[in-house]
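Residue strings, one per chain:
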Amino acid sequence: MIQWIEIGHLQDIPRLGARVVTTDWGNIAIFRTAGDEVWALDDRCPHRGGPLSQGIVHGKVVTCPLHNRQINLTDGQVLAPDKGCTHSYPVKVIETGQLLLGIPETYKQALQLT
Amino acid sequence: MKEKLVCIGNGMAGVRTLEELLKLDPEKYDITVLGTELYGNYNRILLSPVLAGEKNIDDIILNSQEWYDQNGITLYTGHTVTQINRIKREITSDQDVTIKYDRLLIATGSNPFIIPIPGHNLPGVVSFRDITDVEAMLAASRHGQYAVVIGGGLLGLEAANGLMKQGMDVTVVHLLDTLMERQLDKPAATLLKTSLEQRGIKFLMEAQTAEIIGTEQVTAVRFKDGLEIPANIVVMAVGIRPNTTLAKAAGIYCERGIIVNDTMQTYDPRIYAVGECVQHRGQAYGLVAPLYEQAKVCANHLADMGIARYSGSVVSTRLKVTGIELFSAGDFLGNGKTEEIIFQDPAQGIYKKLVVHNNYIKGAVMYGDTVDSAWYLQLMREQADIGHIRDKLLFGQAYALGSALGGTAASAVTLMSDDTQICGCNGVCKGTIVKTITNEGLTTLEQVRLHTKASASCGSCSHLVEQILAITVKDYHNTAPKKKAMCHCTELSHDEVQTAIKQQHLTSIAQIFDQLAWKNPDGCQVCRPALNYYLLAHFPAEVKDDYQSRFINERVHANIQKDGTYSVVPRMWGGLTNPQELRAIANVVEKFNIPTVKMTGGQRIDLLGVKKTDLPAVWADLNQAGLVSGYAYGKAVRTVKTCVGSEWCRFGTQPAMELGVKLEKMTWGSWTPHKFKMAVSGCPRNCAEVTIKDFGVIGVEAGWEIHVGGNGGIKVRVTDLLCKVTTPEEVLEYCGAFMQLYRENARYLERTAPWIERVGLDYVKQQLVADNDNRQSLFRRFLESQHFAQAEDPWIARALGGLDAHEFKPLKQVTTSEIKVVALPEEEVA
Ligand SMILES: Cc1cc2nc3c(=O)[nH]c(=O)nc-3n(C[C@H](O)[C@H](O)[C@H](O)COP(=O)(O)OP(=O)(O)OC[C@H]3O[C@@H](n4cnc5c(N)ncnc54)[C@H](O)[C@@H]3O)c2cc1C
Ligand code: SF4
Ligand code: FES
């Protein structure tokens, strides 16, 4: 089960850009590609915590602004030859253009515990 | 808390150990490296090709600052460690930095030996060990004619070859009658000497240096027999000594070198040592192959794997003088019990000798033809019985193993077994290279170097690696690309793209992608900022800035810092300020809780640790007091540093502050290929340090001297004098024209220093000094571009006009309470 939270409108994010959703457990970066796909990742680079939302977006990749690690938007994996992974969240765009961010049950459970 | 590892010495062995350690366990330590040299870690071996003008310093950097950053390693360059306190477990540097360690790695290399004859410490007497030495030799070759190299060993000959290539008249002085006596026997050494003489190097054999002559600078060298020869530089290359000073002082047991056991530990088990500074089983090494083997073992123990042991190395030598093939390994002289197999053809300049004992190869010397050297070394290392091929041994592997291929070099490589070591420095075997080429689909020498490290150190096995490429890759031809593509989105170079933009009048990134068939639809983080810059530089009136193609700093007009906060630097024209501005800054610092306030190197105030969401409000307050953005974040004009000039200084001959302010007002806001810094000094005392700026001005009695192309960064470069002018107006014109030439001509991310070295000072002079029309038209173009660049201050536009407001506000704020926690189905909980 996933709980969907409304976070804004597709138009609020620039193409090839990102915006941030702040939460009690850290920032989530919401990216928009040239083709209007939307992806969400924890806004922390697995390398040394760089804010991924501030990077340059190209294809389905964002380049971290601190030391240029490349992170795959679709799954949060760092592209080879570097290694690492950042948490990714489901997002969807509904017909009206509204954006919904999905928080999986398991994730909530984990939050509750900490 | 992670354990702390401190490495003393930023050279080849120390850093290689860290590289190996990071491969095994990147998270185990907090690592700090201290090194005396100002440079990052570089390939010392390749100083010889640098001296010979075959490579430049940038080509030989092994790990840039970026590598240290990426691996979380703290690097102190220019720090000499002066003390190890083993009780407190900390080290101290000459700059008073003290660092605690849990484990310590000593890799201090060795010191060149200087013969203490009279005159040995005159300026102009150098050793051949580091970048500074090479720079001194290059400088000497520009100003002087005569070089004397003392020492006819490997280093001395490489130094002599380099200096000769730089156009000097070189004499090598050697105490014995054989060159490289520790690697070569008489016949080989004679062939070598003849061939070096043919290239123009002179030799004085069996000569003893008595004195180096000179008062302020060396001028000549005198010998025991009274002979005197002129010298503008004297290079001492007579040997090295393990650098044990520090270890000894800390009470660690040393003999000739620091004594280590098979796990590279010293007598203090927390302290490891690798490289030229150590002595292992009585042996000290002065070549990289053994050091790299030590590094591997040491890393294994630092990572707590505890399985590797170092048991000494068999070493081999080559001379890195282009065009001379020479190889030597093991016991090449032999003794009464050994036999020698010799092949000699003086006409062709070929000599080969194998020293054999009981059908085992003990040593080898080869001159002129070294194709089979890897194979002999292999047989020697493995102690293989050569009885059955003894009669054919000397004719090479292809022949000896009965090949039908006819004994060519390529076939020799074909016949090598997979475990033949190809790259001695890095210990890489043929099998590994072949496997990597096949698995990774490699096609160039560069790629093989990157993936396997084979031929990445001294490079003398490059031809073998190429041959392996040739037999492994179908239709391989050596097409090392001459030009470098901008990035992986295109095959075009920066220059080609710029030409296309100009000639085809392209005015948007989309057009470029389209016309030049870009491979990735959105480009990447490398090409997009460059293209955006080129477009703005060439067509300022027509091009619309592409916001998403700028790096975050330029997007939000502030510097991103390591923790994701930003820093803000207001402009202070020519370094001047006043109470009102200072008060405004102080108020902002208090109001927004800004943690750090610092003076920059360019005489401005830096406010560090500003939260991104606070940026617009911070700017609004600063703008109120008349302060505007200082562009400290951009590839743009940064600062104009000034001294107090004739306005205040008792020595000043010209008004430095006034001119500094004028220059800054004219140029602020201009985007440039890389950051651009200026300075103005009021007199030749040069208190504003003009000579390491991109554009510098020095006041003299009759006017102003204009200097260009300086850099104070990683690679310090002193400016070149462009010209002298008489009025401030001329300075402004030259400044604008110079900047425009740089803006239109240089590649993105190329500072003026490397740009000038690439295009040549003559070109710049021709464009600016010799050709008045051209200078004026460059200046006109600059001013026209400034018309758009200075249209508005970016801070005001964002603080008051709300431009790009979305950047600074979160899309949404979510709290945990908004999420309903739903219990998971029972079976999943269990
Ligand atoms: C011109 C030249 C050509 C060469 N050619 C070859 C070749 O063809 N093949 C080959 O195998 N080898 C060659 N060598 C030898 C090879 O470069 C060395 O064996 C190797 O660099 C040694 O590595 P190391 O780490 O032990 O010492 P280094 O690389 O010298 O590193 C030691 C570092 O420690 C620093 N240091 C010393 N004391 C302190 C202190 N107290 N605090 C902080 N830092 C300190 C030094 O500044 C130095 O940077 C050549 C050497 C030279 C100079
Ligand atoms: S450079 Fe000359 S004028 Fe300027 S402060 Fe120094 S001494 Fe004075
Ligand atoms: S923090 Fe992202 S690359 Fe270093």
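Quick caveat, the model's predicted, so the values are computed rather than measured. (Residues numbered from 1 in each chain as written. Chains lettered and ligands numbered in written order. Predicted model: local features only at pLDDT ≥ 70, side-chain atom pairs only at ≥ 80, totals over all residues. Heavy atoms only, no water.)

Residue and element names in this part refer to chain B. Scanning all chains against the criterion turns up 1 cavity of 30 Å³ or more. The calculated volume of the largest cavity comes to roughly 70 Å³. As for the largest cavity, its lining consists of Pro529, Asn532, Tyr533, Ser549, Arg550, Glu554, Lys635, Trp671, Thr672 and Tyr748. For the lining of the largest cavity, the element with the most residues is helix 17 (residues 527–538), which contributes 3 residues. Of the residues that constitute the lining of the largest cavity, the class distribution is 4 nonpolar, 3 polar and 3 charged. Three or more residues apiece are contributed to the lining of the largest cavity by two domains, here domain 3 (494–550) and domain 5 (639–789). (1 Å grid on protein atoms, 1.4 Å probe; cavity = no way out; pocket = protein on both sides within 12 Å on 5 of 7 lines; lining within 4 Å. Points joined across faces, edges and corners; volume = space filled by probe spheres on them. Helix = DSSP H or I, 4+ residues; strand = E, 2+ residues; numbered from the N terminus. Nonpolar A, V, L, I, M, F, W, Y, C, P; charged D, E, K, R; others polar. Domains from an automatic or database assignment.)

Our focus in this paragraph is the packing of helix 23 (residues 728–745) of chain B against helix 24 (residues 752–759) of chain B. Residue and element names in this part refer to chain B. As a packed pair, helix 23 and helix 24 sit with axes 11 Å apart at the nearest point and diverge in direction by 80°. Classified by the angle their axes make, helix 23 and helix 24 are roughly perpendicular. Where helix 23 approaches helix 24, its residues Phe738, Leu741, Tyr742 and Asn745 are matched on the opposing element by Thr752, Trp755, Ile756, Arg758 and Val759. Among the residues making up the contact of helix 23 with helix 24, the classes are represented as 6 nonpolar, 2 polar and 1 charged. (Axes fitted to C-alpha atoms, helices over the stretch in contact; angles between N-to-C directions. Parallel < 35°, antiparallel > 145°, perpendicular 65-115°, else oblique. Contact = heavy atoms within 4.5 Å.)

This brings us to the site of ligand 2. Close contacts around ligand 2 come from B:Cys643, B:Gly645, B:Cys649, B:Phe651, B:Gly652, B:Ser681, B:Gly682, B:Cys683, B:Arg685, B:Asn686 and B:Cys687, and that covers them all. Class assignment of the residues belonging to the shell around ligand 2 gives a composition of 5 nonpolar, 5 polar and 1 charged. (Near = heavy atom within 4 Å.)

For the rest of this paragraph, the subject is a nonpolar patch on the surface. All names here are of chain B. Together, Leu24, Met305 and Ile307 make up a nonpolar patch on the protein surface, roughly 310 Å² of accessible area in all. By the secondary structure assignment, Ile307 is in the loop between helix 8 (288–302) and strand 23 (316–318). Its relative accessible area of 68% is what places Ile307 among the exposed residues. (Patch = residues over 30% accessible without salt bridge, like charges linked within 9 Å, V, L, I, M, F, W, Y side chains within 5 Å. Areas by Shrake-Rupley, 256 points an atom, 1.4 Å probe, with all protein chains shown as cover. Salt bridge = Lys/Arg side-chain N within 4 Å of Asp/Glu carboxyl O. Buried < 20%, exposed > 50% of the residue type's maximum accessible area, 1.4 Å probe, protein only.)

Residue and element names in this part refer to chain B. Lining the immediate environment of ligand 1, one finds 33 residues, of which Ala13, Glu37, Arg129, Glu276 and Lys320 sit closest. At 3.2 Å, a backbone N or O of Met12 approaches an oxygen atom of ligand 1. At a separation of 3.5 Å, an oxygen atom of ligand 1 approaches a polar backbone atom of Gly286. Bound to the protein, ligand 1 loses 93% of the 990 Å² it would expose on its own. When residues of the shell around ligand 1 are traced back to their parent elements, those giving at least two are helix 1 (12–24), strand 2 (29–35), helix 5 (154–165) and helix 8. Among the elements that take part in the shell around ligand 1, helix 1 stands out by supplying 3 residues, more than any other. Class assignment of the residues belonging to the shell around ligand 1 gives a composition of 13 nonpolar, 14 polar and 6 charged. Counting residues domain by domain, the shell around ligand 1 receives three or more from each of domain 1 (3–109 + 243–303) and domain 2 (112–241). (Polar contact = N/O pair within 3.5 Å; in protein donor to acceptor, adjacent residues only side chain to side chain.)

With that settled, consider the packing of helix 12 (residues 430–440) of chain B against helix 14 (residues 462–472) of chain B. All names here are of chain B. Between helix 12 and helix 14, the least distance of the axes is 10 Å, while the angle of their chain directions is 50°. With respect to each other, helix 12 and helix 14 are oriented oblique. The hand of the helix 12/helix 14 crossing is right-handed. On the side of helix 12, the interface is formed by Lys430, Ile433, Val434, Ile437 and Thr438, while helix 14 contributes Val465, Ile468, Leu469 and Thr472. For the contact of helix 12 with helix 14, the class distribution of residues is 6 nonpolar, 2 polar and 1 charged. (Left-handed = near helix turned anticlockwise from the far one by under 90°.)

This next bit is on the nonpolar core. All names here are of chain B. Within the largest apolar cluster, 68 residues are counted, with the highest numbers of intra-cluster contacts made by Leu157, Leu163, Leu192, Leu319 and Ile433. Summarising the domain contributions, this core has at least three residues from each of domain 1 (3–109 + 243–303) and domain 2 (112–241). If sequence neighbours within four positions are ignored, Leu192 has contacts with Leu157, Met180, Leu184, Leu319, Ile324, Leu326 and Tyr367. By size, the runner-up hydrophobic cluster in this structure holds 56 residues, among which are Leu516, Ile552, Leu615 and Trp668. (Core = buried A, V, L, I, M, F, W, Y, C linked by side-chain atoms within 4.5 Å.)

The next thing to look at is unusual backbone geometry. The phi dihedral of A:Asp36 is positive, around 65°, even though this residue is not glycine. Structurally, A:Asp36 can be placed in the loop between strand 3 (28–32) and strand 4 (38–42). Given the relative accessible area of 26%, A:Asp36 is considered partly exposed. Look at B:Gln603: it is not a glycine, yet its phi comes out positive at around 65°. Counting through the fold element by element, B:Gln603 comes out in the loop between strand 32 (596–599) and strand 33 (605–610).

Glancing now at the packing of aromatic side chains. Between two aromatic rings, the relevant description is the distance of the centres plus the angle of the planes. By the definition in use, this model includes 18 aromatic pairs over all chains. Measuring from centroid to centroid gives 6.3 Å for B:Trp573 and B:Trp668, while their planes differ by 75°, and the two rings are edge-to-face. You can see B:Trp573 sitting in the loop between strand 31 (566–568) and helix 19 (579–591) and its partner B:Trp668 sitting in the loop between helix 22 (656–667) and strand 35 (676–681), a full 95 residues away along the chain. The exposure classification of B:Trp573 matches that of B:Trp668, with both residues buried. We note A:Lys92 situated over the ring of A:Trp4; from NZ or CZ to the ring centre the distance is 4.1 Å. (Phe/Tyr/Trp six-rings, centres within 6.5 Å; stacked < 30°, edge-to-face > 60°. Lys NZ or Arg CZ within 6 Å of the ring centre and 35° of its normal.)

Let us look at the sheet that holds strand 38 (residues 720–725) of chain B. All names here are of chain B. Read across the sheet, 5 strands follow the order 34-35-36-37-38 without closing on themselves; strand pairing throughout is mixed. Of all the strands in the sheet, the pair left with one neighbour each is strand 34 (637–642) and strand 38. Here the average twist between neighbouring strands, direction ignored, is 15°. In this structure, strand 37 (residues 703–708) lies alongside strand 38, joined through 5 bridges in antiparallel fashion. Across the sheet, residue Trp704 finds its bridge partner in strand 38, namely Val725. Packed on one face of the sheet, helix 25 (residues 761–770) meets strand 37 and strand 38 and runs near 20° to strand 38. (Pairing = 2+ DSSP bridges.)

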